[in-house]
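Residue-level structure breakdown
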Amino acid sequence: MASHSLRDIQPLSFPGLESSAPIIIAGPCSAETEEQTLDAARALSGIGIAIFRAGIWKPRTMPGGFEGVGDRGLPWLQDVKRETGMAVATEVATVEHVHAALDAGIDILWMGARTSANPFAMQDIADALQGHQEVTVLVKNPLNPDLDLWLGALQRICNSGITRLGAVHRGFSSAGEHIYRNNPQWHIPFELRRHAPGMTILCDPSHIGGKRQYIEHLSQIALDTGFDGLMIESHCHPDEALSDSAQQVTPDDLKGILDRLVVRSSAPVEDELTLLRQQIDDCDHELLAVLARRMTVSREIGQFKKSNNLRVVQPARYQDMIKARLEEGNSLGLQDHFTQQVMQCIHEESVRQQLDLFNGSSSNPEL
Ligand code: PEP
Ligand code: MN
């Protein structure tokens, strides 16, 4: 088999979309009826969306949820394509879905988070896609925060010769209550970028946030951190949606969000940025010099404590010091949590250095 590398994957382009503009995919979580699908598509096309999404096979976490209309929805997507000229995208989770979607001329197939977590399913899908260079494939991150699992899913598709390949970051499941439905863990898609520098990586703020009020903020973070576009769920009557109703927005609201988003240049404005970075470098040099000076003083104190047979850690002094630093930090506009973490870390290193003096250097490797 020819070897295919994620490193060679090139950015996706779509007819009618400028290559420098974010790729926006929008549409309902699920195609529910022909009318609902077409209404959403017309409204979204009306606000300039060029790629329409709608799930027809819906993997629900719990049985009894709306599991999608199935193959019956394929002609609705074909109608969307014919009537609006939009490219159409749907989720596939089995070989049967892949064949049905390809036969219907669906432009973009995506694998959901429950599918990309399953190497057997991904391999079956990859095999079914072999020879279909025309189709665009997007792989959402697996439910669990495991970069290798995501990379493996992408690699399987890549191995089957698909070159129009991209990834979608939709956050990760986590136990317990969090403000977002799925934890973004942004470092994971950033790390994915390192493995596949040219590959299109989109963000799905709808599934990360789980509530429509978070979409704008999450989208802005995505654009600010170099994602190539967004997949956003949109329904003409979100509160009546059969799946994911809390996180869908009307096409009108979506237009408002998109109009307000700031798209930043990927090429830095050199002069200004260089000067600002120079300032950051200067601050860091100063910080390190001050820290080194502080540790010298700490060691002197350590010598004094040792000669006078005093304990290294004096809790009352530590409490007073933290309290005073928090107040000082606060007056300088630093958040308590940040000041506390920095001071704890510095204090820990001071203690470690003093213990070295007391006990010799190899005795406290962890502190
Ligand atoms: C979806 O896009 O509607 C969906 C089910 O997504 P995910 O796989 O990210 O949960
Ligand atoms: Mn959904």
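Our subject in this report is the structure included herewith. Here, residues in each chain are numbered from 1, in the same order as that chain's written sequence. Both sets of labels track the order of writing: A upward for chains, 1 upward for ligands. Since the coordinates come from a predicted model, pLDDT governs what is reported: local features require at least 70, and pairs of side-chain atoms require 80 or more to be given and counted, while whole-chain, interface and lining totals use all residues. Hydrogens and water molecules were not included; the side-chain quantities draw on all heavy atoms of the structure.

Take the nonpolar core next. We define the nonpolar core as a collection of buried residues of types Ala, Val, Leu, Ile, Met, Phe, Trp, Tyr and Cys that are connected through side-chain atoms lying within 4.5 Å of one another. Exposure categories follow from relative accessible area, calculated using a 1.4 Å probe and restricted to protein chains: below 20% of the type maximum is buried, above 50% is exposed, and the middle band is partly exposed. The biggest cluster of nonpolar side chains holds 70 residues, and the ones touching the most others in it are Phe52, Leu109, Leu129, Val139, Ile157 and Leu165. Here this core gets seven residues from one element, more than from any other, and that element is helix α6 (residues 147-159). In this analysis, two residues are considered to be in contact whenever any of their non-hydrogen atoms come within 4.5 Å of each other. Not counting residues up to four positions away in its chain, the partners in contact with Val139 are Met111, Ser116, Met122, Trp150, Ala153, Leu154, Ile157, Leu165, Gly166, Ala167 and Val168. Ile23, Ala89, Leu138 and Val168 belong to the second largest nonpolar core, which has 13 residues in total. Counting from the N terminus, the helices are the DSSP runs of H or I reaching at least four residues and the strands are the DSSP runs of E reaching at least two.

Another aspect to go through is the coordination of the manganese ion (ligand 2). Looking at the metal site, the manganese ion (ligand 2) is ligated by Cys29 (SG), His207 (NE2), Glu233 (OE) and Asp244 (OD), spaced 2.1 to 2.4 Å from it. Donor atoms are limited to N, O and S found within 2.8 Å of the metal ion, a distance that becomes 3.2 Å for Na, K and Ca. With water left out, some sites might look partial. Sequence spacing of the donor residues for the manganese ion (ligand 2), all on one chain, is C-x177-H-x25-E-x10-D. Separated by 215 residues along the polypeptide, Cys29 in the loop between β1 (23-27) and α1 (34-46) and Asp244 in the loop between β8 (229-233) and α10 (251-260) bring together distant segments of the chain. When sorted by exposure, Cys29 lands in the same class as Asp244, which is buried.

Moving on to the site of ligand 1. Residues are labelled near a given molecule or strand when at least one of their non-hydrogen atoms is within 4 Å of it. Taken together, Cys29, Arg53, Lys58, Glu91, Trp110, Gly112, Ala113, Arg114, Lys140, Arg170, His207 and Glu233 make up the full set of residues adjacent to ligand 1. Counted as a polar contact is a pair of N or O atoms within 3.5 Å, where, for protein atoms, one must be capable of donating a hydrogen and the other of accepting one, and residues adjacent in sequence contribute only when both atoms are in side chains. The contact in question runs from an oxygen atom of ligand 1 to an N or O atom on the backbone of Ala113, over 2.8 Å. Taking Lys140, its side chain carries an N or O atom lying 2.8 Å from an oxygen atom of ligand 1. Computed with the Shrake-Rupley method and a 1.4 Å probe, the accessible areas treat only the protein chains shown as cover for residues. Its free accessible area being 290 Å², ligand 1 has 99% of it covered by the protein chains. Ten residue types, Ala, Val, Leu, Ile, Met, Phe, Trp, Tyr, Cys and Pro, are classed as nonpolar, four, Asp, Glu, Lys and Arg, as charged, and the remainder, Gly among them, as polar. Class assignment of the residues belonging to the shell around ligand 1 gives a composition of three nonpolar, two polar and seven charged.

Aromatic ring pairs: the centre-centre distance and the angle between the two ring planes describe each pair. A pair of Phe, Tyr and Trp rings is counted when the ring centres sit within 6.5 Å of each other, with Trp represented by its six-membered ring. The angle between the planes then sorts it: under 30 degrees is stacked, over 60 is edge-to-face, the rest tilted. Counted according to the given criterion, the structure contains three aromatic pairs. For the pair Tyr180 and Tyr214, a centre-to-centre distance of 5.1 Å together with 85° between the ring planes defines the contact as edge-to-face. Residue Tyr180 is found in the loop between β6 (165-169) and α7 (187-195), and its partner Tyr214 is found in the loop between α8 (205-209) and α9 (215-224); the two are separated by 34 residues along the sequence. In terms of burial, Tyr180 and Tyr214 fall into one category: buried.

What follows covers the environment of Ser30. Among the structural elements, Ser30 can be located in the loop between β1 and α1. For Ser30, a relative accessible area of 0% translates into the label buried. When the C-alpha atoms of Ser30 and Gln279 are compared, they prove to be 50 Å apart, with 249 residues separating the residues in sequence. The residues contacting Ser30, other than those within four sequence positions of it, are Gln36, Gly55, Lys58, Phe66 and Ser243.

Let us now look at unusual backbone geometry. Positive phi, normally seen in glycine, also occurs at Gln185, with a value near 40°. Turning to its location among the elements, Gln185 is positioned in the loop between β6 and α7. Of the residues examined, Gln185 reaches a relative accessible area of 22% and is grouped as partly exposed. One non-glycine residue, Asp244, lies in positive phi territory at about 50°. Asp244 sits in the buried class, given a relative accessible area of 13%.

Counting through the fold element by element, Gly161 comes out in the loop between α6 and β6. According to the relative accessible area criterion, Gly161 is buried, its value standing at 11%. Between the alpha carbons of Gly161 and His132 there is a distance of 8.2 Å; along the sequence they are 29 residues apart.

Any two packed helices are characterised by the angle at which their axes cross and by the distance between the axes. Axis geometry follows a simple rule: fit a line to the C-alpha atoms, using only the stretch in contact for helices, then measure angles between N-to-C directions, giving values from 0 to 180 degrees. For the pair helix α12 (residues 315-331) and helix α13 (residues 336-359), interaxial distance at closest approach is 9 Å and the crossing angle is 140°. As summarised for this structure, α12 and α13 are arranged oblique, according to the angle between their axes. Of the two possible hands of crossing, α12 and α13 adopt the one that is right-handed. Contact residues: Tyr318, Met321, Ile322, Arg325, Leu326, Gly329 and Asn330 in α12; Asp336, Thr339, Gln340, Met343, Gln344 and His347 in α13. Among the residues making up the contact of α12 with α13, the classes are represented as five nonpolar, six polar and two charged. Comment on the angle field: the value is read as roughly parallel under 35 degrees, roughly antiparallel over 145, roughly perpendicular from 65 to 115, and oblique elsewhere. Put simply, a crossing is left-handed when the front helix is turned counterclockwise from the back one by less than a right angle, and right-handed when it is turned clockwise.

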